[in-house]
Amino acid sequence: MLPEGLTIYTTSLNVVRKEIDDCRRLRHIFDTHNIKYKEVDLSNNKVISKNQITKKSLEAGLPQVFVGENFLGTFDTIEQWNENEDMLMSKLNEAGYKPQSEEESRRFDEEMQRQTEEIAAKEIQEQKDIRNPPPEPKFQFTSEASQKTYGDLPEKTREVLAKLSVVPQESDVDLLRFMTIKHHAKVLDKMESGTEHQEIYSNLIEDLKREKKLQFMREMGLVDDDVVDPNDTLKELHAKSEERDKKREESIQAAREAASHQHKAEVAALEANKLAEQQRQWEEMASKREERRQQEEAARQREEELRANAPMSDKDKFQAMLAEQQRETSEVEKKFKAYQEEFWKANCRPTEESGSPQ
């Protein structure tokens, strides 16, 4: 709840320069017109928060002017009204402005100070509670429901527990329902042997837990009626479960390996198909080259045949005659050279001294 009277909500944090300047100028306007107001600094206020003010005014910035719970405006609004003094006072009067006495202002300040101190003290106490939480109370068999449940136990069971002088915990009451004459006799025998009562009670609870577990396992069909200790059965079940998990893991691993081999086989098949396709393309290209070569060879042979069978012109005849004469001349020169070499070998021999022919 906001205070009554004209109140301006300001800030002293020098974060937004415009807000600081607007707060100072707003105070100057009210002081100039001798308008009594209360100022609430929201920068470190534990009683009234900025979020509370902005939700009421739907304005984000500071300063903001209220008359009680009614939002009057921001600094821009007051500055606009300040251009006409009569307008500023008429707007304040319309909003319900009434000058407050110094006594009212003093009471307001004291109330704000008291609420601030109460909130600060509460925060300090919360911090202490966080650092030093109170100890949790120990369980005692005192609830009416627990006493009623304990009272439903067989009389013989309650007599044995009374001799042990122990107060059973609430969680043990359901276990004590499983006590039989066998347990009663076992407890009394241990008491006569001088065993501590607390130890006897602890062993009794362990036995009852084991028998309750065994009964549950029998009802579920996990063990036979002749099984005495359920822990062995639990170990066997645990071992079977581990073996089953191991087989499942092995089957999963085998499936992964099979999938890996299949993937490798598929990759190898794709590579082989790729190589075969490349080989087929190369053979096809070689076949085309051979076919083109054969076509070129056949064309060349046809061209030679056409040249051989074509009638010769005078020029071609003259060139053929010259070629024939050159061929005959070449043959004659070869024969003459061969004859000259034979004659040289037959008629000329080198001397022993000079190595020249005689």
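What you see is a predicted model, and the numbers here were worked out from it, not measured in a lab.

K.L.:
Which residues make up the overall build of the protein, and what values go with them?
P.N.:
Assigned secondary structure in the protein consists of 12 helices and four strands. Looking at the protein as a whole, 20% of its 358 residues qualify as buried. Intrachain contacts of the protein at a sequence separation of at least 6 include 59% that bridge at least 24 residues.

K.L.:
Would you mind going over the pairing of strand β1 (residues 6-10) in detail, with residue names and values included?
P.N.:
Counting buried residues along β1, five of its five residues qualify, which places the element largely inside the surrounding structure. By the alternation rule, side chains of β1 split into Leu 6, Ile 8 and Thr 10 and Thr 7 and Tyr 9, which are all buried. Of the crossover connections in this fold, the one passing from β1 over helix α1 (residues 17-32) to the parallel strand β2 (residues 38-41) is right-handed.

K.L.:
Outline the layout of surface pockets, supporting the account with residue identities and numerical values.
P.N.:
Empty space within the largest pocket amounts to approximately 250 Å³. Along the walls of the largest pocket sit 14 residues, with Pro 3, Glu 4, Lys 38, Phe 108 and Glu 111 positioned nearest its centre. Top element by residues in the lining of the largest pocket is helix α5 (residues 102-131). It accounts for six residues. Counted by class, the lining of the largest pocket contains seven nonpolar, two polar and five charged residues.

K.L.:
So what's going on with a nonpolar patch on the surface? Residues and values would help.
P.N.:
Where nonpolar side chains cluster on the molecular surface, the patch consists of Leu 13, Val 15 and Val 16 and spans about 280 Å² of accessible area. Its place among the elements puts Val 16 in the loop between β1 and α1.

K.L.:
Describe in detail empty space enclosed by the protein, supporting the description with residues and values.
P.N.:
Overall, the coordinates contain one cavity of 30 Å³ or more when judged by the stated rule. As for the largest cavity, its lining consists of His 183, Lys 186, Val 187, Lys 190, Ile 200, Asn 203, Leu 204 and Asp 207. Sorting the residues of the lining of the largest cavity by element identifies α9 (181-192) and α10 (197-219) as the ones contributing at least two each. In terms of residue class, the lining of the largest cavity is built from three nonpolar, two polar and three charged.

K.L.:
Describe the packing of aromatic side chains, naming the residues involved and giving the relevant values.
P.N.:
The tally for this structure, following the rule as stated, stands at three aromatic pairs. Each ring, one from Phe 66 and one from Phe 71, has its centre 5.2 Å from the other, and the planes form 55 degrees; the classification is tilted. On the accessibility criterion, Phe 66 (0% relative accessible area) is buried. In this structure an aromatic cluster arises from ring pairing among Tyr 9, Phe 66 and Phe 71.

K.L.:
Explain the sheet that holds β2 to me, and be specific about the residues and the numbers.
P.N.:
Backbone-to-backbone hydrogen bonds join strands into a sheet, with any given pair of strands oriented parallel or antiparallel. Judged by pairing direction, the sheet is mixed, and its four strands sit side by side in the order β2-β1-β3-β4 without closing on themselves. Strands with a single pairing partner mark the edges of an open sheet, and in this sheet they are β2 and β4 (70-74). On average, adjacent strands in this sheet sit at an angle of 25 degrees to one another, irrespective of strand direction. Pairing analysis gives four bridges linking strand β3 (residues 64-67) to β4, with the strands arranged antiparallel. Bridged to Gln 64 within β4 is Thr 74. Those strands touched by α1 are β1, β2 and β3, and its axis lies near 160 degrees from that of β1.

K.L.:
Let's hear about unusual backbone geometry: which residues, and what values?
P.N.:
With an omega of 5 degrees, the peptide bond running from Leu 62 to Pro 63 counts as cis. In this structure, Pro 63 sits in the loop between α2 (50-57) and β3. Although it is not a glycine, Asn 34 adopts a positive phi angle of roughly 55 degrees. Looking at Asn 34, the relative accessible area reads 58%, which means it is exposed.

K.L.:
Go over the packing of α9 against α10 with me, naming the residues and quoting the values.
P.N.:
Angle between the axes and distance between the axes: these two values describe a pair of packed helices. Two elements in contact, α9 and α10, have axes separated by 10 Å at closest approach and are oriented at 155 degrees. Here α9 lies roughly antiparallel to α10, going by the angle between them. Seen along the crossing, α9 lies across α10 with a hand that is right-handed. Between α9 and α10, the contacting residues are Lys 182, His 183, Lys 186, Val 187, Lys 190 and Met 191 on the first element and His 197, Ile 200, Asn 203, Leu 204, Asp 207, Leu 208 and Glu 211 on the second. Looking at side-chain class alone, the contact of α9 with α10 contains five nonpolar, three polar and five charged residues.

Thresholds, definitions, all that
Residues numbered from 1 in each chain as written. Predicted model: local features only at pLDDT ≥ 70, side-chain atom pairs only at ≥ 80, totals over all residues. Heavy atoms only, no water. Helix = DSSP H or I, 4+ residues; strand = E, 2+ residues; numbered from the N terminus. Buried < 20%, exposed > 50% of the residue type's maximum accessible area, 1.4 Å probe, protein only. Contact = heavy atoms within 4.5 Å. Right-handed = clockwise from strand over helix to strand, strands pointing away. 1 Å grid on protein atoms, 1.4 Å probe; cavity = no way out; pocket = protein on both sides within 12 Å on 5 of 7 lines; lining within 4 Å. Points joined across faces, edges and corners; volume = space filled by probe spheres on them. Nonpolar A, V, L, I, M, F, W, Y, C, P; charged D, E, K, R; others polar. Patch = residues over 30% accessible without salt bridge, like charges linked within 9 Å, V, L, I, M, F, W, Y side chains within 5 Å. Areas by Shrake-Rupley, 256 points an atom, 1.4 Å probe, with all protein chains shown as cover. Salt bridge = Lys/Arg side-chain N within 4 Å of Asp/Glu carboxyl O. Phe/Tyr/Trp six-rings, centres within 6.5 Å; stacked < 30°, edge-to-face > 60°. Pairing = 2+ DSSP bridges. Axes fitted to C-alpha atoms, helices over the stretch in contact; angles between N-to-C directions. Parallel < 35°, antiparallel > 145°, perpendicular 65-115°, else oblique. Left-handed = near helix turned anticlockwise from the far one by under 90°.

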